[in-house]
Amino acid sequence: MYELKTKETDRSVMEFIEEIGQPKKREDAFKLVDIFTETTGYPAKMWGPSIIGFGKYHYSYSSGHEGDAPIVGFSPRKAKISLYVTLGSEQREKLLKDFGKYTTGKSCIYINKVADIEIEILKKLLKQSISYIHEIYPNQETL
């Protein structure tokens, strides 16, 4: 059976951030923890070795694959900061028009630094992601 690699851990978020070698990336990570916590109302938790997640929900796919995941999160990777937000593509595209400098992957938004983006748009992305997860998984409480 498939074993999830990205699980919630007991590792300290603050200790993880303190270990980031790039001072500017470390400063941005602390800023993002504040923004995500204030906007979502969820405490920061480590997921796997390098994802800082906020909230938690249980998903299950028709394939039988299921697990727990953070509702939103980010990872201060060496090259870029990955923002994990889940939105319907139409909502996401509307908000990203005024977001600032970024690139995207399938489920991530990549930024170089917090100064490159509009914080108010990030907050809207976070709120809409939470609403979207509640829509998709209405019969469970997100933690």
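Numbers given to residues run from 1 along each chain, matching the order in which its sequence is written. Two thresholds apply to this predicted model, a pLDDT of at least 70 for residue-level local features and 80 or more for giving and counting side-chain atom pairs, whereas whole-chain, interface and lining totals are computed over all residues. The side-chain values count all of the structure's non-hydrogen atoms but skip hydrogen atoms and water molecules.

Chemist: Help me out: how do you make sense of the overall build of the chain in this one?
Modeler: The secondary structure listing takes helices from DSSP runs of H or I that are at least 4 residues long and strands from runs of E that are at least 2 residues long, numbered from the N terminus. The secondary structure content of the chain amounts to four helices and eight strands. The secondary structure elements of the chain, listed N-terminal to C-terminal, are α-α-β-β-β-β-β-β-α-β-β-α. Dimensions of the chain, computed from the C-alpha atoms along their principal axes, are close to 40 × 35 × 25 Å. Any residue under 20% of the maximum accessible area for its type is buried, any over 50% is exposed, and the rest in between are partly exposed; the area is computed with a 1.4 Å probe on protein chains only. Within the chain, the fraction of its 143 residues that count as buried is 42%.

Chemist: I'm lost on the confidence of the model for the chain in this one. Help?
Modeler: Segments scoring low in pLDDT should not have their predicted coordinates read at a detailed level. Summing up the model confidence of the chain, the mean pLDDT is 89 and the portion of residues at 70 or higher is 92%. Summary of the metric used: pLDDT quantifies the predictor's per-residue confidence within the range 0 to 100. Per-element averaging of pLDDT across the chain places helix H3 (residues 89-96) at the bottom with 80 and helix H2 (residues 23-40) at the top with 98.

Chemist: Hey, could you run me through H2 in this one?
Modeler: An α-helical turn contains 3.6 residues, so any two residues separated by three or four positions project in the same direction. The length a helix should cover is 1.5 Å for every residue beyond the first. Across its 18 residues, H2 extends 26 Å between first and last C-alpha, which sits within 8% of the 26 Å expected from 1.5 Å per residue. Every buried residue of H2 is accounted for by Lys 25, Asp 28, Ala 29, Leu 32, Val 33, Ile 35, Phe 36, Thr 39 and Thr 40. The criterion used for residue contact is that any of the two residues' heavy atoms lie within 4.5 Å. Here the buried face of H2 lies against helix H1 (13-18), strand E1 (44-47), strand E2 (51-54), strand E5 (72-76), strand E6 (81-84) and helix H4 (119-136). Where H2 ends, the next residue or the one after it, Gly 41, has phi of about 80°, a positive value.

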